[in-house]
Each structure stands twice: as structure tokens, then as C-alpha cells.
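Take a look at the letters that make up each chain.
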Amino acid sequence: MKTNKFFGLAALVCGFALSMTSCGEQDNAVVNPTSPTKSYIISFEDQTLNADGFWCGDETGIEGESWGSKMYTCSYTESGATFTANFIPDWSSWTGFAISNRTETTYKNMIPDQFNNFAGGAHSGSNFCVVFPFGETIELGDKGALVKGFFYTNDAWTADAIINGDGMSPGFFGDEDWLKCTVTGTKLDDTTASVDIYLAKDGDYAWRWLYADLSSLGVVKSLSFNFDGTKKNDWGLTTPTYICIDDIEIVR
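Residues numbered from 1 in each chain as written. Predicted model: local features only at pLDDT ≥ 70, side-chain atom pairs only at ≥ 80, totals over all residues. Heavy atoms only, no water.

Caption draft 1: Representation of the side chain of Asn127 in the model. Counting through the fold element by element, Asn127 comes out in the loop between helix H1 (110–113) and strand E7 (128–132). Here the side chain of Asn127 touches Phe44 through a polar contact of 2.7 Å, landing on its backbone oxygen. Look past the residues within four positions of Asn127 in its chain and what remains in contact with it is Ser43, Phe44, Glu45, Gln47, Leu49, Ile99, Ser100, Asn101, Ala122 and Asp246. (Helix = DSSP H or I, 4+ residues; strand = E, 2+ residues; numbered from the N terminus. Polar contact = N/O pair within 3.5 Å; in protein donor to acceptor, adjacent residues only side chain to side chain. Contact = heavy atoms within 4.5 Å.)

Caption draft 2: How the structure looks around the nonpolar core. One finds Phe150, Phe225, Ile243 and Ile248 to be the most contacted residues of the largest nonpolar core, which totals 47 residues. Looking at this core element by element, the count peaks at 5 residues for strand E11 (residues 192–201). In this structure, Val130, Ala156, Trp157 and Cys244 belong to the second largest nonpolar core, which totals 15 residues. (Core = buried A, V, L, I, M, F, W, Y, C linked by side-chain atoms within 4.5 Å. Buried < 20%, exposed > 50% of the residue type's maximum accessible area, 1.4 Å probe, protein only.)

Caption draft 3: Expanded view of the confidence of the model for the protein chain. On average, residues of the protein chain score 89 in pLDDT, and 86% of them reach the 70 mark or higher. Taken as a whole, residues 1–33 scores under 50 in pLDDT and shows 132 contacts with residues more than four places along the chain or in a different chain. (pLDDT = per-residue confidence, 0-100.)

Caption draft 4: Inspection of the pattern of salt bridges at higher detail. Applying the stated criterion to the full structure yields 8 salt bridges. Of the charged contacts, one joins Lys148 and Glu249 as a salt bridge, the two residues approaching to 3.8 Å between their closest N and O atoms. Within this pair, whereas Lys148 is found in strand E9 (residues 145–153), its partner Glu249 is found in strand E17 (residues 243–251), the two being separated by 101 residues in sequence. Overall, the relative accessible area of 33% leaves Lys148 in the partly exposed class. Lys231 is paired through a salt bridge with Asp177; the nearest N and O atoms lie 3.8 Å apart. Here Lys231, found in the loop between strand E14 (219–229) and strand E15 (232–233), pairs with Asp177, found in the loop between helix H2 (156–164) and strand E10 (179–187); they are 54 residues apart in sequence, far enough to count as distant. Take Lys231 and Asp177: they sit in the same class, and that class is buried. (Salt bridge = Lys/Arg side-chain N within 4 Å of Asp/Glu carboxyl O.)

Caption draft 5: Focus on the environment of Asp190. Looking at where Asp190 falls in the secondary structure, it is placed in the loop between E10 and E11. A residue is classified by how much of its surface remains accessible, and Asp190, at 53% relative accessible area, is exposed. In sequence terms Asp190 and Ser222 are 32 residues apart; their C-alpha atoms lie 9.8 Å from each other. Of the polar contacts made by the side chain of Asp190, one reaches the side chain of Lys221; its length is 2.6 Å.

Caption draft 6: Summary view of unusual backbone geometry. Geometrically, the link from Ile111 to Pro112 is a cis peptide bond, its omega value of 5° lying close to zero. Relative to the assigned elements, Pro112 resides in helix H1. One non-glycine residue, Ser79, adopts positive backbone phi at about 55°. Summarising the element assignment, Ser79 is placed in the loop between strand E4 (69–78) and strand E5 (81–88). Despite not being glycine, Ser92 has its phi angle at roughly 50°, a positive value. Positionally, Ser92 belongs in the loop between E5 and strand E6 (93–100).

This is how it looks when you write it as C-alpha cells:
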């Protein structure tokens, strides 16, 4: 592991957020012929953020329930792609897809530092997406889209656990440890294809914005995100399961 990139304090894996602002949704006109022909870059610039520089849903969303507590489902839509954020005020928590413009790179406090990334801000523009999924997917519409790829980096909380340890499993990441995010596309006929993105491997980790080529997935109607790695206990992964993404290129 390259110690000149290390920082921060150990962290527990969970997703928390509070002090939300409005549940906004923007939509752009989309060309969707039988064969994808027009390219769009999803950069998350249209969402209004709170005073701390993030959005992960709020109480203006559709009310539901999660484990006996109220949950509010909000969405952000850009270029025909919809990103869901589920906000649970009783737990001061959220899951799904948040949006941030924060430029800090360290993790010290759960709120708001889980909305930092280790690269220090967006890949382009001001905003980027923080992915912390519990079954939420990026929905691309019934006719789908070709997702050419996106840029990704480590969330500050995840990077902190890689560098310093997570407090629930032994030590920081060594040369033999790894963490990956598997992006799975569901096609129009409900078959799937996947691409693995390594967030840490061979003693190194994603500390800047890197590009993930997803064109091998073909035309898909949704994208899901799942994590696996070497740091586990009896309940599963102990490394915080976040990935930050930006500038998703889709073709419709």
C-alpha cells in the first residue's frame, strides 16, 4: 500500500445523512429510436443541494416504511435516467444515490464526510453521485440505453477503511486484500451482464477519478451495484460499501 496516499480515522460501515433540502427532479427530452444514436453525459449538475453540499432525499418524497420507520423515496432524473434516494429520518439515514459537491477528501465525522470523495470534488462541473445501494437501481427506461461508461473513485469513508482499517476486521488493506463493485446491467429481455470495478487491489486503491468502460453490457434498462471484498465478518463486508461516480455517458 502506498502510504503517501493514506489519511483519516477508522470507520464503521453504514450510511447516514440529515439536514436535507427539497426532493428535486429534472428531466431532459430524450431521443430513443430502435438503435441508440444520440449521446448524453449525466453530470448531476441540476440537483439543488443543502447547506452542507449534499442531497440524499428528504421528507417531501413518497412516504413508505422501512423496518417500522417512515421512509421517503425521492428521485433525480437526468437524460431519462432516474436515480432513487430513500431517506429514513428516524435513523438519520439513507440508501441509494445521493448527490454532492463537497471537495473535502477526509473522513472524520459520519455527517457530512460520507459525502466526500478521495479525489476531491467532481470529475467535471461541481456535482457527483455517491452510491450506497440497498437494492436501488439506476433506471434507464423501458427502451433502455447503451451505457458507454462513467468515471469513478472511492468515497472518503471507504478510502479511510482501506487505509486505516474499519474497526470490525483486522488491520488496513494489505497487498492481498481487495474491494470491488460489480455493476450489473439488466437488458430488455431481462438477461444480465456485469462488469467488475476494483476499488482496491494489489496494494493500491482508487484515489483519483478513473474510467469504467461499461459498453460490454450492451443496451440495458437498469444498472445495479453490488460489493464484495476480503474484509468480512459473520454479517458480511465490513468495508463501507460506497462508490462515487460522475459523467455517465449513455446513448439512446
